[in-house]
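A closer look at the structure
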Amino acid sequence: MPALLAENVTAGYGHSPIINDITLSAELNSVTTIIGPNGAGKSTFAKTLVGILRPTSGRIVVNDVDITRMAGHLIPRHGLVYVPQNDNVFKRLTVRENLEVGGFASRANTAARMEEILDIFTDLQKAVEKKAGFLSGGQQNLLAIARALMVDPSVIMLDEPTAGLSPAYTDVVWSQIARIAKLNTAVLVVEQNVERALKHSDEVHIFVAGRNHVHGAADEIAGLDLASIFLGRSHAS
Amino acid sequence: MSGIWYYIFTLVFFLFDYFILAMGLNIQYGETGILNFAYIGFVAIGAYVTGAFSLPNSVGTGQQYILGLSLPFPLGLILGGLAACLFAVIVALISLRRLRTDYLAMVLISLSLVLYDVCNNYVPLFNGADGLYNVPEPFAGVLHLTTNSFIPFFAGVTGAIAVVMWLVMGRVTRSPLGRTLRAIRDDDVVAAALGKDVFRNQLKSMLIGSFYAGIGGGLIMEFSGSFNPTAWLPGETFVVFAVIIVGGVGNNIGMLMGSLVVETLLVHLPAFLPDIPGHPGLIEYFDAVIIGVLLMVMLWFRPQGIVPERLRRAATFGVRDDLGAEANLPPDELSALAPSPVVQPGTLQARSATNE
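Notes on the structure follow.

The rules behind these values
- Residues numbered from 1 in each chain as written.
- Chains lettered and ligands numbered in written order.
- Predicted model: local features only at pLDDT ≥ 70, side-chain atom pairs only at ≥ 80, totals over all residues.
- Heavy atoms only, no water.
- Helix = DSSP H or I, 4+ residues; strand = E, 2+ residues; numbered from the N terminus.
- Buried < 20%, exposed > 50% of the residue type's maximum accessible area, 1.4 Å probe, protein only.
- Contact = heavy atoms within 4.5 Å.
- Areas by Shrake-Rupley, 256 points an atom, 1.4 Å probe, with all protein chains shown as cover.
- Core = buried A, V, L, I, M, F, W, Y, C linked by side-chain atoms within 4.5 Å.
- Pairing = 2+ DSSP bridges.
- Axes fitted to C-alpha atoms, helices over the stretch in contact; angles between N-to-C directions.
- Patch = residues over 30% accessible without salt bridge, like charges linked within 9 Å, V, L, I, M, F, W, Y side chains within 5 Å.
- Salt bridge = Lys/Arg side-chain N within 4 Å of Asp/Glu carboxyl O.
- Polar contact = N/O pair within 3.5 Å; in protein donor to acceptor, adjacent residues only side chain to side chain.
- Expected span 1.5 Å × (residues − 1).

For the rest of this paragraph, the subject is the overall build of chain B. For chain B, the helix and strand inventory stands at 14 helices and 0 strands. Scored against the burial criterion, the 356 residues of chain B give a buried share of 49%. Look at the contacts in chain B between residues 6 or more apart in sequence, and 77% of them connect residues 24 or more apart. Of the accessible surface of chain B, which amounts to about 16,100 Å², a share of 67% is contributed by carbon and sulfur atoms.

As a further point, take unusual backbone geometry. For the bond running from F73(B) to P74(B), omega is 10 degrees, close enough to zero to count as cis. Mapped onto the elements of the fold, P74(B) is located in the loop between α2 (39–54) and α3 (75–96). Positive phi, normally seen in glycine, also occurs at N8(A), with a value near 50 degrees. With respect to the secondary-structure elements, N8(A) resides in strand β1 (residues 4–13).

Turning next to the nonpolar core. In terms of nonpolar packing, the biggest core is built from 83 residues, with F42(B), I161(B) and W232(B) touching the most fellow members. Here this core takes 11 residues from α2(B), the largest share from any one element. In contact with I161(B), other than residues within four places in its own chain, are I20(B), F73(B), L77(B), I215(B) and L219(B). Within the second largest apolar cluster, 47 residues are counted, among which are L124(A), I180(A), A181(A) and V189(A).

Another point: the sheet that holds strand β10 (residues 211–217) of chain A. Residue and element names in this part refer to chain A. The strand order across the open sheet built from 6 strands is β6-β7-β8-β3-β9-β10, with neighbouring strands paired in mixed fashion. Each edge of the open sheet is held by one strand with a lone partner, namely β6 (80–83) and β10. The sheet shows a mean angle of 15 degrees between the axes of neighbouring strands, direction not considered.

Glancing now at a nonpolar patch on the surface. All names here are of chain B. Taken together, the side chains of V289, V293, M296, V297, W300 and F301 define a hydrophobic patch exposed on the protein surface, amounting to about 710 Å² of accessible area. With respect to the secondary-structure elements, W300 resides in helix α12 (residues 282–301). Taking relative accessible area as the criterion, W300 reaches 69% and is therefore assigned exposed.

Right, let's talk about the side chain of Q140(A) for a bit. Residue and element names in this part refer to chain A. Mapped onto the elements of the fold, Q140 is located in helix α5 (residues 137–150). Given the relative accessible area of 11%, Q140 is considered buried. In terms of polar contacts, Q140 uses its side chain to reach the backbone carbonyl oxygen of A132, at 3.3 Å. When neighbours within four sequence positions are excluded, Q140 is seen to be in contact with N88, V89, K91, A132, G133 and L135.

A separate point is α2(B). Compared with the 22 Å implied by 1.5 Å per residue over 16 residues, the 23 Å span of α2(B) between its first and last C-alpha is a close match. Of all 16 residues that make up α2(B), 16 are buried, and the element is covered over most of its length.

Using the criterion set out here, one finds 11 salt bridges over all chains in the structure. Among the ionic pairs, R113(A) bridges to D152(A), the shortest N-O distance being 3.5 Å. Within this pair, whereas R113(A) is found in helix α3 (residues 107–120), its partner D152(A) is found in the loop between α5 and β7 (155–159), the two being separated by 39 residues in sequence. Given a relative accessible area of 12%, R113(A) falls into the buried group. With its nearest N and O atoms 2.9 Å apart, the salt bridge here joins R196(A) to D171(A). Residue R196(A) is found in helix α7 (residues 194–200), and its partner D171(A) is found in helix α6 (residues 167–181); the two are separated by 25 residues along the sequence. Judged by its relative accessible area of 19%, R196(A) falls in the buried class. Via salt bridges that share partners, R92(A), R185(B), D186(B) and E309(B) belong to a single interconnected network.

Here the focus is the environment of V101(A). Tracing the chain through its elements places V101(A) in helix α2 (residues 95–102). Exposure remark for V101(A): the relative accessible area of 1% places this residue in the buried category. Along the chain, V101(A) and A181(A) lie 80 residues apart, while their C-alpha atoms are 22 Å from each other. If sequence neighbours within four positions are ignored, V101(A) has contacts with F90(A), L93(A), R179(B), A183(B), L194(B) and K196(B).

Residue and element names in this part refer to chain A. Examined against the element boundaries, N29 turns out to sit in the loop between β2 (16–26) and β3 (30–35). Between the alpha carbons of N29 and S154 there is a distance of 9.5 Å; along the sequence they are 125 residues apart. If we ignore the near neighbours within four places in the chain, the residues touching N29 are A181, K182, L183, N184, T185, A186 and D202. A polar contact is formed between the side chain of N29 and the backbone nitrogen of N184, at a distance of 3.0 Å.

We now examine the pairing of β1(A). All names here are of chain A. Of all 10 residues making up β1, 7 are buried, and the element is well covered by its neighbours. Where β1 lies against strand β4 (residues 55–62), 6 bridges are found, and the strand directions are antiparallel. The residue bridging T10 from the neighbouring strand is S57, located in β4. Where β1 hands over to β2, the hairpin turn is made up of 2 residues, of which G14 adopts a positive phi near 65 degrees.

Any functional reading would require information beyond the geometric quantities listed.
Okay, structure coming up:
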């Protein structure tokens, strides 16, 4: 059983579905990435997974628990945590407070967990008492990912974690994502940068017009005519 | 007691009372981001309920009101605070679940107007437009206090209550609850994504803030012995907002400074000045203009207020003290810190390893 399983999920705003009949799974110790053109429904799917939007049909299962109708704030307790795109830190709280907000465990466990995470995210160590709003965009994204790890998730969902970052910092973020996946975690990423997604992912799904148009191993997807797929044509190259 | 001391202790009373009111609004707006434009309504409920519990049965008093149980101080006051909490639950259930920011603010100001009209026009509730009066002065009989000696006595009582409430509020804002409230203030969606129940925490904030509002209102009732609708026109809410914006949103000491500058020096001190000949009430209007200008000046030049929200450095969870040694770097230097492209050999273990 995968860590995350979405089966035939349809969702949208009002009576208009944005995503249709999407099936997708994410395994532990792997990076699964969703790419696609603007308006393909990638972020809508992410929001549906984490309870911000309600699916009109289908089901979502995390660690064998059906979370389809669960209130959004209860979902992290079952192992799925979401890092939104942009403005994803508490800017007027310090880095330390941001991490503490993510901690569910006892105080002792939270302290130990925070030390472990700060040992990985060394940039954040240097600014632990600084307000998060004073960090650079890349550091804020790293803080958001680090804070999500405080929840001790089995599935972490990242919505465009490298949006607006310099190429150098994009690599930093992706290297951290790869590192996280090795910690017995399933990482699901929504990404605009196709090249980097294919380089760092194990599994890739291409969404077009609200549907999971094609999916497969990253090296298989790399061999397809992606420009045609993004335009909604057949994926046979 | 000479007249000057009467004025001074009256000002001291309002300093401490508005300190309490400002702390209540601060936890709602400053700490949680709830734009409660109905705040003065919670103050009024505290005042009316305190008065109605403290007054004797209404028969033969020339007034009409509910309750009338002659409860001794501070029972009526505490019940006034709890009544404001009850109103907060109703308001939260109506508005907090579905509305945010500006829409929530519009609903709350509408609720304040509805409450005002009900209290002003439904006489059997709290004596309508005349309001409640002749509320007994606490301990005046027991301690044989005259009207003059009651003023400094009750200013002292209010000061003591304010200090206790300040200490309690300090503990709340430094606790994990306070941190969660500030997280919700900054971004409720992200907070929910981390497993925080936004509504439940906002409700807690509303309850705490409303209790402070109710106590502050009750103290006004006990101090002045009367309270009527002219004392809580909906615009009064913005005076309390001016207190916390001038003082420093998110900082309880700032609330005291705001109360001193806005409520004590600008609102109540000029009330003791003689009228300008030929222009009765003009000073009061000048007050409103000056507060408005001060509010704009503060928002433009010093939006963080006189005493800004401070960084909370308490090592709550005992993280190593050496972490954050570069915390005092300016933002530009901080953002220029070289990224670490290579992941350090961390100690973070796989989840299965740490949990099992």
